[in-house]
Amino acid sequence: MSSFWSVVVASALLGVINTLLLVWELRVSRRRGRQIATRGWLWSNLGCGALRTLAVASLQGAIVALYAWVAPPWTWSSQWWMWIAGFVAIDLAEYLSHRASHRRPILWAIHSVHHQSPEYNLSLNFRLGVLGPATTLPFHLLLALAGMPVEMFVVLVAVQAAGMVLTHARYPGTLGWFGHVLNAPAWHRVHHSAVHAHRDLNFGA
């Protein structure tokens, strides 16, 4: 299967899971008497997700090829603890990319699509800029220069993307003890605040 269709199939699967979680979230909110989504913004977010999937699928082959071209002849070992280190490195790259997207106007123009919705729910996972992969590429190439194997990079980027789904959930909020070390939905909700100063907080993935 080509990289294009691999990304489409993987995105479709993740999208189905996200949609099922969104339906559950909306039902819980309705039972609690809360209105957390309107039809217009839901369709808008889903439309952004479709365009983003096509963009990523079209660019994925070139991104992986560039990553492999930049990588040095030596790479990390594939021992289990290196996979943990790799995941931390991927998360750090996402943090740096996210922070830069809020600091640099040209990057903010791409990322601001994600912050346009006044509603906070799981449909925000679909509302991502079409050119988003270009903003993270420089930071991912640093991982290539550091010797992260291309296979590890491809797998861990996908794992991180799947793990970030719950970041935009309304329930649970603080994640209890795990909220001390993870970017819980409640913390990320502050990041999506309409107050400008709040958007410069909680960049973690």
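Coordinates for the structure precede this section.
Below is a short write-up of the structure. (Residues numbered from 1 in each chain as written. Predicted model: local features only at pLDDT ≥ 70, side-chain atom pairs only at ≥ 80, totals over all residues. Heavy atoms only, no water.)

Our next topic: the nonpolar core. General note: in soluble globular proteins, nonpolar side chains tend to be found buried as a group. Counting 15 residues, the largest nonpolar core has Tyr67, Trp76, Ile90, Leu143, Met148 and Met152 as its most contacted members. Among the elements that make up this core, the one with the highest residue count is helix α3 (residues 80–103) (five residues). Each residue touching Met152, except ones within four places of it in the same chain, is listed here: Trp76, Ser77, Met82, Trp83 and Gly86. Leu22, Leu26, Ile36 and Ala169 belong to the second-largest nonpolar core, a separate cluster that totals eight residues. (Core = buried A, V, L, I, M, F, W, Y, C linked by side-chain atoms within 4.5 Å. Buried < 20%, exposed > 50% of the residue type's maximum accessible area, 1.4 Å probe, protein only. Helix = DSSP H or I, 4+ residues; strand = E, 2+ residues; numbered from the N terminus. Contact = heavy atoms within 4.5 Å.)

Our next topic: the packing of aromatic side chains. For the structure shown, the criterion picks out four aromatic pairs. Taking 6.4 Å as the distance between ring centres and 90 degrees as the angle between the ring planes, the aromatic pair formed by Trp24 and Tyr171 counts as edge-to-face. Of this pair, Trp24 sits in helix α1 (residues 3–31) while Tyr171 sits in the loop between α6 (150–163) and α7 (185–191); the two residues are 147 residues apart in sequence, bridging distant segments of the chain. Overall, the relative accessible area of 44% leaves Trp24 in the partly exposed class. For Tyr171, a relative accessible area of 10% corresponds to the buried category. (Phe/Tyr/Trp six-rings, centres within 6.5 Å; stacked < 30°, edge-to-face > 60°.)

Once that is clear, we can look at the packing of helix α2 (residues 39–70) against helix α5 (residues 132–146). Their axes nearest at 10 Å, the elements α2 and α5 cross at an angle of 25 degrees. Taken together, the axes of α2 and α5 lie roughly parallel to each other. In this structure, α2 crosses over α5, and the sense of that crossing is right-handed. Of α5, the residues touching α2 (which contributes Arg52, Val56, Ile63, Leu66, Tyr67 and Val70) are Gly132, Pro133, Leu137, His140, Leu141, Leu143, Ala144 and Leu145. (Axes fitted to C-alpha atoms, helices over the stretch in contact; angles between N-to-C directions. Parallel < 35°, antiparallel > 145°, perpendicular 65-115°, else oblique. Left-handed = near helix turned anticlockwise from the far one by under 90°.)

Let us now look at the side chain of Asn183. Its location among the elements puts Asn183 in the loop between α6 and α7. Relative accessible area serves as the criterion here: at 17%, Asn183 is assigned to the buried category. For Asn183, the side chain forms a polar contact with the side chain of His188, separated by 3.5 Å. Polar side-chain contacts of Asn183 include one of 2.7 Å to the backbone oxygen of Gly204. Setting aside its immediate chain neighbours within four residues, Asn183 contacts Thr167, His188, Asn202, Gly204 and Ala205. (Polar contact = N/O pair within 3.5 Å; in protein donor to acceptor, adjacent residues only side chain to side chain.)

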